[in-house]
Amino acid sequence: MKLGVYTNLFADLDLDDCLERISGTGVEAVEIAAGNYNGSPHCPLDELLASDDRCREYKRKFTDRGLEICALTCHGNVLHPSPGKRRRFRSVQHKTIRLAEKLGVPTVNTFSGCPGDSKTAKYANFVSFPWPDENTELLRWQWEEEVIPFWEREAKYARDHGVRMGLEMFVGFVVYNTETLLKLRDAVGPAVGAGVDPSHIVWQGMNPADVVHQLGDAVFHVQMKDNKINTVTKNVNGVIDTKPFGDEQHRTWTFRTVGYGHDVSFWKDFVSALRLVGYDGVLSIEQEDSLFSATEGFHKSLAFVKDLVVRDPDRFAWWPPTQSG
């Protein structure tokens, strides 16, 4: 596996300064935001699509520093019930897929999206309970009339451009756990898989290592971000929490730097599970820890993740021993 970083943690820097901050740290790959909810501070999407020369110049900024672009990210609600918002989200996603093809980037990360409760809805409607019975009927309608038809077309669009789609399992969208990810993949094919972010898994009560074992070769991309559960608040209020992210003291859970929510044993199990299912991609550090600056969180995460990854596999070329040994 390779060490990577999601460059949005340095969104306040221009691309050259961002890459200078990263190069020389041991990072080998970067994940770049291309638009939608993430913005695109380091990816002039339309400009790159319009010019092959500009695209080659852009890519050299990375290769000259010994970096590869492992994924483009464009999280948005491509099933949004508002026609204008849905159109904008889908347009950026299609542009991101085409740019990934031009740059030779294998994976585009996004959300599955969530429809409303009808063709005339104004807001998305996330179903979280099967009762009253109308909830079950709504969920059926969403999947049969909106989710699967769109993602069948989108999976083909991705395949036609030599790209695969890594969906982040995220509450509020129809794909939020292992079961729903595999349900969609079964329906639309292997061009759709998972962008695994453990921080969005653990607060739902799932174990990321077990999730990885269940997903197998459907793991397309991995972000390294931790989550600290406030057990006292959880025991009183449960895990569903709508308080602002800045209210860390009173929230049930908070995004943290890797190692500040779970110990090294937890993360060793997670990385070992990735190895067992054959994942040999990038561990992309994401920094959304409001208790650290971007730089501090990045370096703390990097130091922690480095110890999880064998950097010199030749050291172990002697194993297993030969019969004569």
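So, here is what we can say about the structure in this document. (Residues numbered from 1 in each chain as written. Predicted model: local features only at pLDDT ≥ 70, side-chain atom pairs only at ≥ 80, totals over all residues. Heavy atoms only, no water.)

1. Points about the overall build of the protein
Worth spelling out the cut-off: Helical segments are the DSSP runs of H or I of at least four residues, strand segments are the runs of E of at least two, and each set is numbered from the N terminus. The quantity called the radius of gyration is restricted to C-alpha atoms. Its globule counterpart is 2.2 Å times the number of residues to the power 0.38. The buried label goes to any residue with under 20% of its type's maximum accessible area, the exposed label to any with over 50%, and the partly exposed label to all in between, with areas taken from a 1.4 Å probe on protein chains only. Between two residues, a contact is recorded if the distance between any of their heavy atoms is within 4.5 Å. Charge assignment: positive for Lys and Arg, negative for Asp and Glu; neither His nor the chain ends contribute. Charged groups are reduced to one reference atom each: NZ for lysine, CZ for arginine, CG for aspartic acid, CD for glutamic acid.
Counting its secondary structure elements, the protein contains eleven helices and ten strands. For the protein, the C-alpha radius of gyration of 20 Å lies close to 20 Å, the compact-globule estimate for 325 residues. When the backbone C-alpha atoms are referred to their principal axes, the protein occupies close to 65 × 55 × 45 Å. Looking at the protein as a whole, 50% of its 325 residues are labelled buried. Taking as baseline every contact in the protein between residues at least 6 positions apart, the subset at least 24 positions apart corresponds to 78%. Looking at charge distribution, the protein has the averaged site of its 37 positive side-chain charges lying 3 Å from that of its 45 negative ones.

2. Digging into a positive patch on the surface
Heads up, the rule is: Without a salt bridge and with relative accessible area above 30%, a residue can belong to a patch; like charges are then joined within 9 Å and nonpolar side chains (Val, Leu, Ile, Met, Phe, Trp, Tyr) within 5 Å. The Shrake-Rupley method, run with a 1.4 Å probe, gives the accessible areas here. Residue values count only the displayed protein chains as cover. Note on definitions: salt bridges are taken to be side-chain nitrogens of Lys or Arg within 4 Å of carboxyl oxygens of Asp or Glu.
A grouping of Lys85, Arg87, Arg88 and Lys122 is seen on the molecular surface, where their side chains present a positively charged patch. Within the secondary structure, Arg88 is located in helix α4 (residues 83–103).

3. Brief notes about the packing of aromatic side chains
Heads up, the rule is: Centres within 6.5 Å are what make two rings of Phe, Tyr or Trp a pair, Trp counting through its six-membered ring; a difference in plane orientation under 30 degrees is then read as stacked, over 60 as edge-to-face, and the rest as tilted. Our definition puts a charge over a ring when NZ of Lys or CZ of Arg is within 6 Å of the ring centre and also within 35 degrees of the ring normal.
Counted by the stated rule, this structure contains 16 aromatic pairs. Measuring from centroid to centroid gives 5.5 Å for Phe126 and Tyr176, while their planes differ by 90°, and the two rings are edge-to-face. Of this pair, Phe126 sits in the loop between β4 (107–110) and α5 (133–160) while Tyr176 sits in the loop between β5 (164–168) and α6 (178–188), and the two are 50 residues apart along the sequence. On the basis of relative accessible area, Tyr176 is assigned to the partly exposed category, the value being 24%. Between the aromatic rings of Tyr260 and Phe292, the centroid separation amounts to 5.0 Å while the plane-to-plane angle is 80°, which identifies the pairing as edge-to-face. Here Tyr260, found in the loop between β9 (253–256) and α10 (264–276), pairs with Phe292, found in the loop between β10 (282–285) and α11 (294–306); they are 32 residues apart in sequence, far enough to count as distant. Its end group placed over the ring of Phe292, Lys300 keeps NZ or CZ at 5.4 Å from the ring centre.

4. With respect to the sheet that holds β4
Cut-off, in case you're wondering: For two strands to be treated as a pair, DSSP must find at least two bridges joining them. The axes used here are C-alpha line fits, helices contributing only the stretch in contact, and every angle between their N-to-C directions lies in the interval 0 to 180 degrees.
If you trace the eight strands once around the closed barrel, you get β1-β2-β3-β4-β5-β6-β7-β10, paired in parallel fashion. Ignoring strand direction, the axes of neighbouring strands in this sheet form an average angle of 30°. Note: strand β3 (residues 68–73) against β4, three bridges, orientation parallel. Its bridge partner lying in β4, Thr73 is registered against Asn109.

5. Thoughts on the environment of Asp53
Under the convention used in this document: In protein, a polar contact requires one atom able to donate a hydrogen and another able to accept it; more generally it is a pair of N or O atoms within 3.5 Å, and residues adjacent in sequence count only if both atoms are side-chain atoms.
On the secondary structure map, Asp53 appears in helix α3 (residues 52–63). With 187 residues separating them along the chain, Asp53 and Ile240 place their C-alpha atoms 48 Å apart. Here Arg56 takes part through its side chain, which lies 2.3 Å from a polar atom of the side chain of Asp53.

6. Some points on the side chain of Thr7
Structurally, Thr7 is set in the loop between β1 (2–6) and α1 (15–22). Given a relative accessible area of 0%, Thr7 falls into the buried group. Beyond its immediate chain neighbours, meaning those up to four positions away, Thr7 contacts Cys18, Ile22, Val30, Glu31, Ile32 and His42.

7. Some words on the pairing of β9
On a regular strand, one side chain projects to one face of the sheet and the next to the other, so that they alternate. Alternating residues of β9 divide into Trp253 and Phe255 and Thr254 and Arg256, and every residue in both groups is buried. Two elements, strand β8 (residues 226–229) and β9, share four bridges in a ladder whose sense is antiparallel. Its bridge partner lying in β9, Asp226 is registered against Arg256.

8. Things to note about unusual backbone geometry
Residue Pro132 is bonded to the preceding Trp131 through a cis peptide linkage, with omega at 0°. Structurally, the position occupied by Pro132 is in the loop between β4 and α5. Of note, Asn36 is a non-glycine position whose phi angle comes to about 65°, a positive value. Within the secondary structure layout, Asn36 lies in the loop between β2 (29–33) and α2 (45–50).

9. Let's talk about the pattern of salt bridges
Applying the stated rule across the entire model yields 20 salt bridges. One salt bridge in this structure joins Asp197 and Lys225, with 3.3 Å as the shortest N-O distance. Taken together, the positions of Asp197 in the loop between β6 (192–196) and α7 (199–202) and Lys225 in the loop between β7 (219–224) and β8 put the pair 28 residues apart, joining distant regions of the chain. Exposure remark for Lys225: the relative accessible area of 1% places this residue in the buried category. Each of Asp16, Glu20, Lys61 and Arg65 takes part in one network of salt bridges that share partners.

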